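The lines below spell out each chain.
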Amino acid sequence: MPELPEVETIARGLDAQVRGQHVQRVAVITPSVVRVGDFSSLVGHTFTYVSRRAKLLLLHLDDSRILVFHLKMTGRVWLAGRDQVLPKHTHLVLTLASQDLLLFEDSRRFGFCGIFTQEQLHHWSFFARLGPEPLECSPETLAERLKGRKARIKSLLLDQTVVAGVGNIYADESLFAAGIHPKSTAGNIPYDQLLTLCASLQKVMIEAIRAGGSTISDYRNAYGHSGLFQDQFLVYGKKGDPCPGCGQILETIKVAGRTSTFCSHCQVLY
DNA sequence: GGGATTGTTTAAAT
DNA sequence: GATTTAAACAATCC
């Protein structure tokens, strides 16, 4: 389940590996997943750099077009050696001049990729409506966007138009760190607590990037390696374990249709 | 073989 | 009209 820290880790690894590389050959294996644009037009073009916006992976081309990936639950983008046997759910293979293979795999096929011009990308409503990058703005900026809202705080954290890149893992971890119950009405949370939450979100994401992201099952970085941040989870996926703060057993509830793990003693319901 | 899994879109409700 | 919530959807794994 790649969220901001995982996609950021992939982007950094890919940038180091494909920057300046020519695309020599393109094989679209699953057209329904590789669905936007003419992929054969990539041949002969060069990647200038790789970046990230929200959970989107952006591979920039020398003609200013952008190869965009959304990995959703189980997508992987990584650079394999020329002798790599193609994994079962490989949907796109780009052969680079080095003969390394840029692979897009996705067992569930919820993810997708496409080629966009700058104009197409910025006119894509999903892209245009994305909220601020949580690591590129202040806690105050984020808190202002949550202040006064009547929705549950966890729903807003997961809403990509409110703040970009947050998924279930980092929502649960930051709510625990801030001592806020996931079902709290955002507008009822004292402003200083909102600030604490936004600072906690930034801190947990920085730590997760430092650890190379979190591997629950599918996530791998651009080198095909697992992340390490799952070993630092305090609550996510730990239902039934004692709370690291008070020892009370961690519980789960559904919020916004998502499983949320929390401590009913340490996390205050506003 | 049914349930669980996720992020996003769409529709419905307020 | 804006905000919020729920349902639908993609497809596979166990």
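Residues numbered from 1 in each chain as written. Chains lettered and ligands numbered in written order. Predicted model: local features only at pLDDT ≥ 70, side-chain atom pairs only at ≥ 80, totals over all residues. Heavy atoms only, no water.

**Digging into the confidence of the model for chain A**
Should pLDDT be low for a region, the predicted coordinates there are not to be read in detail.
In step 1: Averaged over chain A, the pLDDT score is 88; the fraction of residues at 70 or greater is 100%.
In step 2: Element-level pLDDT for chain A is lowest in strand β2 (residues 34–36), with a mean of 75, against a maximum mean of 94 in strand β3 (residues 47–53). (pLDDT = per-residue confidence, 0-100. Helix = DSSP H or I, 4+ residues; strand = E, 2+ residues; numbered from the N terminus.)

**Details of the pairing of strand β10 (residues 251–255)**
In step 1: Here β10 pairs with strand β11 (residues 258–262) via five bridges, running antiparallel. Note on β11: the bridge partner recorded for Lys 254 is Thr 259.
In step 2: A loop of two residues connects β10 with β11, the two strands running antiparallel in sequence, and Ala 256 in this loop sits at a positive phi of about 55°. (Pairing = 2+ DSSP bridges.)

**Digging into the pattern of salt bridges**
In step 1: Going through the model one piece at a time under the given rule, you end up with 10 salt bridges.
In step 2: A salt bridge links Arg 12 to Glu 8; the shortest N-O distance between them is 2.8 Å. Residue Arg 12 and its partner Glu 8 are located together in helix α1 (residues 4–18), separated by four residues, close to a single helical turn.
In step 3: Linking Arg 53 and Glu 133 is a salt bridge whose minimum nitrogen-to-oxygen distance equals 3.1 Å. Within this pair, whereas Arg 53 is found in strand β3, its partner Glu 133 is found in the loop between α3 (125–128) and α4 (139–146), the two being separated by 80 residues in sequence.
In step 4: Residue Glu 133 is classed as buried on the basis of its relative accessible area, which comes to 6%. (Salt bridge = Lys/Arg side-chain N within 4 Å of Asp/Glu carboxyl O. Buried < 20%, exposed > 50% of the residue type's maximum accessible area, 1.4 Å probe, protein only.)

**Comments concerning the protein's contact with DNA strand B**
In step 1: Looking at DNA strand B, there are 15 residues lining it, with His 70, Met 73, Arg 108, Gln 160 and Arg 258 nearest.
In step 2: Near the protein, meaning within 4 Å, the atoms of DNA strand B are sugar or phosphate in a fraction of 60%, with bases accounting for the rest.
In step 3: One nitrogen or oxygen atom from the side chain of His 70 is found 2.6 Å from a phosphate oxygen belonging to DNA strand B.
In step 4: Contact between DNA strand B and Arg 108: a base oxygen at 2.6 Å from a side-chain N or O atom of the residue. (Near = heavy atom within 4 Å. Polar contact = N/O pair within 3.5 Å; in protein donor to acceptor, adjacent residues only side chain to side chain.)

**Some words on the domain arrangement of chain A**
In step 1: Domain boundaries in chain A define domain 1 (4–128) and domain 2 (139–262).
In step 2: Each of domain 1 and domain 2 has a C-alpha centre, and the two are 28 Å apart.
In step 3: Across the contact, 20 residues belong to domain 1 and 20 residues belong to domain 2.
In step 4: With both chains or domains summed, domain 1 and domain 2 bury close to 1600 Å², and 65% of this area falls on carbon and sulfur atoms.
In step 5: Among the residues of domain 1 in contact with domain 2, Pro 5, Glu 6 and Arg 76 are the three that bury the most area, contributing 31% of the side total.
In step 6: Linking domain 1 with domain 2 are zero salt bridges, by the criterion used here.
In step 7: Applying the counting rule to domain 1 against domain 2 returns three residue pairs in polar contact (both at pLDDT 80 or more).
In step 8: The set of elements that each furnish at least two residues to the side of domain 1 that touches domain 2 consists of α1 and β6 (75–80). (Domains from an automatic or database assignment. Contact = heavy atoms within 4.5 Å. Buried area = accessible area lost by both parts, 1.4 Å probe.)

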